[in-house]
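Structure at a glance
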There are 4 protein chains.
Amino acid sequence: MRKIRMGMVGGGEGAFIGAVHRIAARMDGEIELCCGAFSRSAERSIASGKTFYLNEERCYATYQAMFEQEALRNESDRMDMVVIVTPNHLHFPVAKMALEYGFHVLSDKPATLTLAEALELQTLVESTGQLYGLTYTYTGYPMVKEAQQRVALRELGEIRKVVVEYPQGWLANTDGDDGKQAAWRLDPAQAGISCCMGDIGVHASNLAEYVTGLDVTDICADIAGSVDSRAMDDDGTVMMRFNNGARGVLLASQVCIGEENSLKLRVYGDKASLEWSQMEPNSLWMKFSNKPSQLIRCGVGPMSSLAEANTRTPAGHPEGYLEAFANIYKNFAGQIQARLQGQPASEVALDVPGIREAVRGMAFIENVVAASHSKLKWHRFTLEPIQP
Amino acid sequence: MRKIRMGMVGGGEGAFIGAVHRIAARMDGEIELCCGAFSRSAERSIASGKTFYLNEERCYATYQAMFEQEALRNESDRMDMVVIVTPNHLHFPVAKMALEYGFHVLSDKPATLTLAEALELQTLVESTGQLYGLTYTYTGYPMVKEAQQRVALRELGEIRKVVVEYPQGWLANTDGDDGKQAAWRLDPAQAGISCCMGDIGVHASNLAEYVTGLDVTDICADIAGSVDSRAMDDDGTVMMRFNNGARGVLLASQVCIGEENSLKLRVYGDKASLEWSQMEPNSLWMKFSNKPSQLIRCGVGPMSSLAEANTRTPAGHPEGYLEAFANIYKNFAGQIQARLQGQPASEVALDVPGIREAVRGMAFIENVVAASHSKLKWHRFTLEPIQP
Amino acid sequence: MRKIRMGMVGGGEGAFIGAVHRIAARMDGEIELCCGAFSRSAERSIASGKTFYLNEERCYATYQAMFEQEALRNESDRMDMVVIVTPNHLHFPVAKMALEYGFHVLSDKPATLTLAEALELQTLVESTGQLYGLTYTYTGYPMVKEAQQRVALRELGEIRKVVVEYPQGWLANTDGDDGKQAAWRLDPAQAGISCCMGDIGVHASNLAEYVTGLDVTDICADIAGSVDSRAMDDDGTVMMRFNNGARGVLLASQVCIGEENSLKLRVYGDKASLEWSQMEPNSLWMKFSNKPSQLIRCGVGPMSSLAEANTRTPAGHPEGYLEAFANIYKNFAGQIQARLQGQPASEVALDVPGIREAVRGMAFIENVVAASHSKLKWHRFTLEPIQP
Amino acid sequence: MRKIRMGMVGGGEGAFIGAVHRIAARMDGEIELCCGAFSRSAERSIASGKTFYLNEERCYATYQAMFEQEALRNESDRMDMVVIVTPNHLHFPVAKMALEYGFHVLSDKPATLTLAEALELQTLVESTGQLYGLTYTYTGYPMVKEAQQRVALRELGEIRKVVVEYPQGWLANTDGDDGKQAAWRLDPAQAGISCCMGDIGVHASNLAEYVTGLDVTDICADIAGSVDSRAMDDDGTVMMRFNNGARGVLLASQVCIGEENSLKLRVYGDKASLEWSQMEPNSLWMKFSNKPSQLIRCGVGPMSSLAEANTRTPAGHPEGYLEAFANIYKNFAGQIQARLQGQPASEVALDVPGIREAVRGMAFIENVVAASHSKLKWHRFTLEPIQP
């Protein structure tokens, strides 16, 4: 056994999400950062790499150079996987080249710029046989996994209704403090056709599908920009139908002043219900007809083995966002490790969002935008590319 | 000054909402129950009246008899107002006759069985000059009034988004414990064309319009019944547009297992936001961009004079549903008292849902049902009767 | 059956607690206010009485006059019971005269000015056979009664530890807005030897003993005044031993800035635990070893019959402080009604704090003050008068 | 700049706290584990080390061997610091030898087995000039640091009252699941003279002193064991006086069934108050007289620079226990780094519990045990060893 060696594209100094990825990768000591193309500037790439204690020779000026040169290195220190933490428009070309060069890929979301790209990526993943993972962070929380397991065990009975909401407030004003974070997300060339749905709506839809095990089949959507000068959506509502007939509602917004990152899921079945909030992630409510609600707490009493495998601390020692993120890294590394050992990956390791979720996420974005433009109420959710 | 004398139609022993109305009427000592037609059975009407310490002669067998005979009584003990606590289909005929006989009317919601009736009632209220109030209980909470005042003072800036939800779970199963409460609500002949929207959706829509001071102008709706044998809706979502361009979402459900009576309102403006939950009614959250949220608590620090006038206890001594209900009674009685004294009613007294809200509530029900049937996404909210 | 007729001593216009008592008495329609000595000024007593729609002849200038003249009235309209809502120093003389004149007594707390008076009162209650109740309001909450029942049924096993806290902040500054409320509570001649323990500490100790069914046997106390000019205590901590060996802690304070009325009880047994907070009174937490906590909610699922009998609304329609207060009135009225009917009172009616709690409350105050003065750690809780 | 190299004593595979320390050390990429004496068995030490990807030659059989051999290594890869994660009785001998061999020490708490040892350690720290840190984890939370800064800036005015509580339930039963964790904590030879106060009471007292900047001067204590077969305390209450005259209460318990790790601090000043709970660590309440409470949230609006420097994620992305722990590592590593660079350490780096807190913590334990045995109420808090 050895550590998995990771390269990074994007995420140079000052990029919030790059730092988060590095912490997540480091947390369990199973992955080491071995190289990177951290910035479009060679100098800045090297400067960043030095702060991560990398050798200068492995701080590349471009991702192309990185793949080419890493591929030439000896197997004993060559990169195993690349993580992609660039703006959206680069996700696909970087992932494509990585797969073609034989590297496993862990990508930030959304998977690509368009659904067409995601479908092409799917073909590539299948043809190359390389591993592909997607950092839908919120499915990394142990209590989300616990929820998923309880639904799978039919503790809720048949699902009737799903309410998932994701209000944020950070784009409520034109000139926020977070100028850099906002800039590329509001530029269709870098972000794709949707800001709010592409940035956070996909998280909400992924969370709903992950926990319920259901697929969205039909939607009715209403998205819009709330701030005058803005071309892209910053707020939206989606009514949904799932493949078992359940009804759903998804709310996502970046202009709800005072909301931080309030992703919340409620699932109502015909036997019981559950509720989970990202802001208090170690709690999961189970609700029943005419008997007391139960507060399931991470680490208290028997949890599903899946939730337990994704927990590091005992009850009452709160784990948070970085640990959820680290679970995705740890499990994805587990897949690579299994392959290195020539063994099948465990169920725990396999529980990472992958190419199926990549495609469905991009489909969600394109279907919502199309449905929002439609005068008809219901729009059939399709995996065919919609964007011209 | 004397107490206001009230007659009651419906609400005999065992009827939950009748007991609630009587408590609300009694709470502030300004109203006395003087007579009633509590049941369709004369015997049971008398039996009920006795438990309220009424004279047998003023326990009537029918509401018609009550209005006829009370009208003949001496002014010194004649009924001033009638409260209507029957199933929905009787609201209109009772209110109509009461107005025609010169009595003021306080009615449970929804105001009538159809929008057409509501419009006829509006004409009658205007022509008779009698007072008309509607018990949209939730607008009686002091913190709801505080919210309304803060919006009116533009503390939130321009309203951009309204999210109002009202999940309950009591109709999740076919055979609940609450058989009697459910039976008439699921019978269109008694309840009207909607169960969920007629019973609780109207509360949610009234709350949103009351607090924001805005009117719904367009809707997109999806309502349905979740339990097989059921003809009527028990769950629904409504996307909305308001007359200032704001977007809204209304969720109402009676099949969300484990939810009690979780009416909750969030209003997002371009300067600040607010949030209120009926289950913790003495709290009101104010949220801001990049500074700490404030927890406004009933009785702590200066409140608006409107909220203060609707508060009975100091901070930390929780008031609840019955006090909110009593506020509607107290303020409606204040209108009658003002008329008895030949004086204009105070702003506090006038802050009671009236015939305008009665009409808009019935319009809400009919528009939502029509919109839900439509294949088009958006439906123009109209005050014209829709139901055939 | 007829309504119970109540006279009031104290509580004229503007007195907060008088208004609360009247609302509580009115709420269930079983009690009518028939007379009162509302103020030490005859004129103001009459003025107050008029606002309650009383005849001038039954608005008395003194409580002595009230008892004398009411005793002479015909049985058909004579007062049945008196409620005492004066400052503390009058509780005893008024109660004493009432009992001697044959009236039942409901008294605000603490029962008397001294333990010696409480013991004398106990003798009088026993010798006259009149009914005596004490408005320890917080034991009127249905979820407190549910807690008491669950402890009694040994659901918690043997009680090991009790933590009861009652922080308020309203006396944190010398010159508060609540000048009148503060003035007499800080005057030993009117309030007795303790401000904080007499005003709120007794509530906390009563709540702990009521729910656990245990008696305090030993205490260690530390009370003090936090504001310079103040002679009386405004803050204190009491460590306790109960008669089963359990340990306890009681915190009470009037100088905890920002705290409203945060009475909170936690009871830990060797099988399970419970927690209740007055600020969210319709919830009761049950906690277990290594399995999920349960949120017991008023009206959800089967409650004890005692809790149910003290509940007026269905789940999710919050009841509050006034309803808890009204429960004490309703149950005390039930005792009187049973006596009028010549029948034994029900268990529900008997569940009102009485003369035993009156004596223990006054003992609590005197024991805490004595213990606080002692250099020894532990002080044996005694029912012998301590104050010189 | 290079990474700080860390050795570990104790914390082999399966030891909960060892894993936590390693995660904390890894999180920010500034520290690498270079060696360890993970177990008293040489074989198990090597086996553990291999799972951390260490060379076998740096997996030592004893801490003595580790210090001796690491001291001989070339400066380019020699250990800089040792972290001690053994049971309590080894803290002192390991720390002593490490300091004598010239290594910096980061120790788990409590610092030693006795106060006498702690004082000896203090002398050694001063004489060797090596760095010493103590993992009072909870002071690593950004909102705790925010609280400390606000108190220091006098936002609360003069502190009047401190309430700190730390209830857990995991030792409520004799035979828990956590047998190994419990065993040494209940053995005085390994744990010292107190279980509850030594394990969690010291955290609570450190938190109170850290946030308020005050020192405890007098105490009154009541500690006891709740489970029959148990020699050591598992529950206790301490009344306190601080050096500004403020009063305090500390509750700690390991037998409060259903409590997880509910460390909670409330500080009441004469101008404002604050409240923080470890179970929801990203929130800090500020409370005021007669105006709304404010919910300070990590990452929302301007925080103190100290809190900000200890934060990794934006608002609404919860950080937890491991991040708080990592802050202690990061800041302690910052002290070492500064020394390596020949520069003064920053204020942020210096904000780590050190030898002063080590001594006060051991004094707290011995003073509480002595005070609990005393028949007198108040016990003067002393830094002189008490234990025979």
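In this convention, every chain numbers its residues from 1, walking through the sequence in written order. Naming scheme: in the order in which they are written, chains are lettered from A and ligands are numbered from 1. With pLDDT at 70 or above as the cut-off, local features in this predicted model cover only qualifying residues; side-chain atom pairs require 80 or more to be listed or tallied, and sums for whole chains, interfaces and linings still use all residues. Side-chain measures were taken over the full set of non-hydrogen atoms in the model, leaving aside hydrogen atoms and water.

Comments concerning the packing of aromatic side chains
Within 6.5 Å between ring centres, the rings of Phe, Tyr and Trp (the latter by its six-membered ring) count as paired, and their orientation is classed by plane angle as stacked under 30 degrees, edge-to-face over 60, tilted in between. What the rule picks out here adds up to 38 aromatic pairs over all chains. Between Tyr138 of chain A and Tyr321 of chain A, the ring centres sit 6.0 Å apart and the planes meet at 50°, which makes this aromatic pair tilted. One end of the pair, Tyr138 of chain A, is in the loop between strand S5 (132–134) and helix H6 (142–152); the other, Tyr321 of chain A, is in helix H11 (residues 321–341), with 183 residues separating them in the sequence. The exposure classification of Tyr138 of chain A matches that of Tyr321 of chain A, with both residues buried. Aromatic side chains Tyr138 of chain D and Tyr166 of chain D sit 5.9 Å apart centroid to centroid with 90° between the ring planes, which places their arrangement in the edge-to-face category. Of the two residues, Tyr138 of chain D is situated in the loop between strand S5 (132–134) and helix H6 (142–152) and Tyr166 of chain D in strand S6 (residues 159–167); the sequence distance between them amounts to 28 residues. By the ring-pair criterion, three or more aromatic residues cluster together here, those being Tyr138, Tyr141, Tyr166, Trp276, Tyr321, Phe325 and Tyr329 of chain A. Only when the NZ atom of a Lys or the CZ atom of an Arg is both within 6 Å of the ring centre and within 35 degrees of the ring normal do we say a charge sits over the ring. The ring centre of Phe288 of chain A lies 4.5 Å from the NZ or CZ of Lys291 of chain A, which sits over that ring. A helix here means a DSSP run of H or I that spans at least four residues, while a strand means a run of E at least two residues long, and both kinds are numbered starting from the N terminus. We call a residue buried when its accessible area falls under 20% of the maximum for its residue type, exposed when it is over 50%, and partly exposed in between, using a 1.4 Å probe and counting protein chains only.

Some remarks on the interface of chain A and chain B
Note on definitions: a residue-residue contact is assigned when non-hydrogen atoms from the two residues lie within 4.5 Å. Counting residues at the interface gives 50 residues for chain A and 50 residues for chain B. Buried area is understood as the total, over both parts, of accessible area removed when two parts are fitted together, assessed with a 1.4 Å probe. Both sides of the chain A and chain B interface together cover about 3600 Å² of buried area, and 44% of this is carbon and sulfur. Area buried by chain A at its contact with chain B is led by Arg160, Ile257 and Lys377 of chain A, which between them contribute 20% of it. Think of a salt bridge as a Lys or Arg side-chain nitrogen and an Asp or Glu carboxyl oxygen that are within 4 Å of each other. Linking chain A with chain B are ten salt bridges, by the criterion used here. One salt bridge in this structure joins Lys287 of chain A and Glu259 of chain B, with 3.5 Å as the shortest N-O distance.

A look at the sheet that holds S5 of chain D
Residues and elements named next belong to chain D. Any two strands with at least two DSSP bridges between them are considered paired. The parallel open sheet is built from five strands, whose spatial order is S2-S1-S3-S4-S5. The open sheet has two edge strands, strand S2 (31–37) and S5, and neither has a second partner. With direction set aside, neighbouring strand axes in the sheet form an average angle of 25°. Bridging between strand S4 (residues 104–107) and S5 involves three bridges; their strand directions are parallel. Within S5, the residue paired with Ser107 across the bridge is Leu134. Lines fitted to the C-alpha atoms define the axes, with helices restricted to the stretch that makes contact. Angles between their N-to-C directions range from 0 to 180 degrees.

Section: the confidence of the model for chain A
Per-residue confidence for chain A gives a mean pLDDT of 95, with 98% of residues at or over 70. Model confidence for the complex is summarised by a pTM of 0.97, with the ipTM given as 0.96. What pLDDT expresses is the predictor's confidence in each residue, scored from 0 to 100.

As for the relation of the copies chain A and chain B
Least squares is the method for superposing the copies, and the C-alpha atoms it fits come from residues with pLDDT of at least 70 in both. Mapping chain A onto chain B calls for a screw motion: a turn of 180° about the axis and a shift of 0.0 Å along it, with 0.0 Å RMSD after fitting. Expressed as a symmetry operation, the mapping of one chain copy onto the other fits a two-fold axis. Across chain A, the smallest distance between a C-alpha and the rotation axis is recorded for Lys377 of chain A, namely 1.9 Å. Comparing contact sets, 100% of the residues at the interface of chain A also lie at the interface in chain B, consistent with an isologous, same-surface contact.

A few points about the side chain of Gln335 of chain D
Inspection of the secondary structure puts Gln335 of chain D in helix H11 (residues 321–341). In this view, Gln335 of chain D contacts Leu131, Ala345, Ala349, Leu350 and Val352 of chain D; residues no more than four positions away in its chain are not counted.

Here we look at the interface of chain B and chain C
Opposite the 33 residues of chain B that make contact, chain C presents 33 residues. When the two sides are added together, the surface that chain B and chain C hide from each other amounts to roughly 2700 Å², 61% of it contributed by carbon and sulfur. Considering only the surface of chain B that becomes buried against chain C, Tyr53, Glu260 and Pro318 of chain B emerge as the three largest contributors, covering 24% of it. There are two salt bridges connecting chain B and chain C. Throughout this description, a polar contact denotes any pair of N or O atoms lying within 3.5 Å of each other; where both atoms belong to protein, one of them has to be capable of donating a hydrogen while the other can accept it, and for residues adjacent in sequence the pair is counted only when both atoms sit in side chains. There are 15 residue pairs in polar contact (both at pLDDT 80 or more) connecting chain B and chain C. Ranked by residues supplied to the side of chain B that touches chain C, first place goes to helix H11 (residues 321–341) of chain B with four residues. Residue polarity is assigned by list, with Asp, Glu, Lys and Arg as charged and Ala, Val, Leu, Ile, Met, Phe, Trp, Tyr, Cys and Pro as nonpolar; anything else, Gly included, falls into the polar class. Partitioned by chemical class, the residues of the side of chain B that touches chain C number 15 nonpolar, eight polar and ten charged.

Description of the relation of the copies chain B and chain C
For the match of chain B to chain C, the screw axis carries a shift of 0.0 Å, the RMSD comes to 0.0 Å, and the turn is 180°. Residue by residue, 100% of the interface of chain B is reproduced at the interface of chain C, so both copies engage with the same surface.

Brief notes about the side chain of Asp199 of chain C
Residue and element names in this part refer to chain C. If you trace the backbone, Asp199 turns up in helix H9 (residues 196–212). Of the residues examined, Asp199 reaches a relative accessible area of 12% and is grouped as buried. Polar side-chain contacts of Asp199 include one of 3.0 Å to the side chain of Arg185. Setting aside residues no more than four positions away along its own chain, Asp199 makes contact with Lys109, Trp170, Arg185 and Gln254.

Brief notes about the pairing of strand S2 (residues 31–37) of chain C
All names here are of chain C. Buried residues dominate S2, accounting for five of its seven residues. Taken together, the six bridges between strand S1 (residues 4–10) and S2 define a ladder with parallel strand orientation. In the strand pairing of S2, Arg5 is matched with Glu32. In terms of handedness, the path from S1 via helix H1 (residues 16–26) over to S2 forms a crossover that is right-handed. Look down the strands so they point away from you; if the path from the first strand over the helix to the second goes clockwise, the crossover is right-handed.

Brief notes about the domain arrangement of chain A
Accessible area lost when the parts come together is the quantity often used to give the size of an interface. All names here are of chain A. For each domain, the first and last residues come from an automatic or database assignment. The domains assigned to chain A are domain 1 (4–138 + 326–354) and domain 2 (142–314 + 361–372). In this structure, domain 1 and domain 2 have C-alpha centres spaced 25 Å apart. Between domain 1 and domain 2, the residue contacts involve 25 residues of the former and 31 residues of the latter. Taken over both partners, the interface formed by domain 1 and domain 2 buries close to 2300 Å², and the fraction arising from carbon and sulfur atoms is 54%. Residue Lys145 pairs with Asp351 through a salt bridge whose shortest N-O separation is 2.6 Å. Taken together, domain 1 and domain 2 are joined by 14 residue pairs in polar contact (both at pLDDT 80 or more). Counting residues per element, the ones that place at least two in the side of domain 1 that touches domain 2 are helix H5 (115–128) and H11. When residues of the side of domain 1 that touches domain 2 are assigned to their parent elements, the largest contribution, four residues, is made by H11. Broken down by class, the residue content of the side of domain 1 that touches domain 2 amounts to twelve nonpolar, eight polar and five charged.

Here's the deal with the sheet that holds strand S3 (residues 81–85) of chain A
Residue and element names in this part refer to chain A. If you trace the five strands from one edge of the open sheet to the other, you get S2-S1-S3-S4-S5, paired in parallel fashion. In this open sheet, the two edge strands, each paired with only one partner strand, are strand S2 (31–37) and S5. On average, each strand axis in the sheet is inclined to that of its neighbour by 25°, with strand direction left out of account.

Describing helix H4 (residues 91–100) of chain C
Residue and element names in this part refer to chain C. Burial analysis of H4 places seven of its ten residues in the buried class, which makes it a mostly covered element. Buried within H4 are the following residues: His91, Phe92, Val94, Ala95, Met97, Ala98 and Leu99. The inward-facing, buried residues of H4 abut S1, helix H3 (63–72), strand S3 (81–85), strand S4 (104–107) and helix H5 (115–128). Just downstream of H4, Gly102 is the residue with a positive phi angle, here 90°.

Describing the pairing of strand S11 (residues 272–277) of chain D
Residues and elements named next belong to chain D. Among the six residues of S11, five are classified as buried, and the element is accordingly described as predominantly covered. Note: strand S10 (residues 264–269) against S11, five bridges, orientation antiparallel. When the sheet's bridge partners are listed, Val267 is paired in S11 with Leu274. Between the antiparallel neighbours S10 and S11 lie two residues. As judged from the four bridges shared by S11 and strand S12 (residues 283–288), these two strands associate in the antiparallel manner. In the strand pairing of S12, Glu275 is matched with Trp285. Counted between consecutive antiparallel strands, the loop separating S11 from S12 contains five residues.

Considering helix H2 (residues 42–51) of chain B
Residues and elements named next belong to chain B. Within the sequence span of H2, burial applies to Ser45, Ser48 and Gly49. Each buried residue of H2 sits inside an arc of 100° when the element is viewed along its axis, so together they form one side. Exposed side of H2, more than 90 degrees from the buried face: Glu43 and Arg44 are the residues found there. Buried residues belonging to H2 abut strand S2 (31–37). Picture the helix axis, draw a direction to every C-beta atom, and the arc is the one those directions span.

Observations concerning the packing of helix H4 (residues 91–100) of chain B against helix H5 (residues 115–128) of chain B
Residues and elements named next belong to chain B. Two elements in contact, H4 and H5, have axes separated by 10 Å at closest approach and are oriented at 10°. For the element pair H4 / H5, the angle class is roughly parallel. Here H4 and H5 pass one another in a crossing that is left-handed. For the pair H4 and H5, the contacting residues are Phe92, Ala95, Lys96, Leu99 and Glu100 in the first and Glu117, Glu120, Leu121, Leu124, Val125 and Thr128 in the second. The residue inventory of the contact of H4 with H5, partitioned by class, reads six nonpolar, one polar and four charged. Angle categories: roughly parallel below 35 degrees, roughly antiparallel above 145, roughly perpendicular from 65 to 115, and oblique for all the rest. Here is the rule for handedness: rotate from the far helix to the near one, and if that takes an anticlockwise turn smaller than a right angle the crossing is left-handed, while a clockwise turn gives right-handed.

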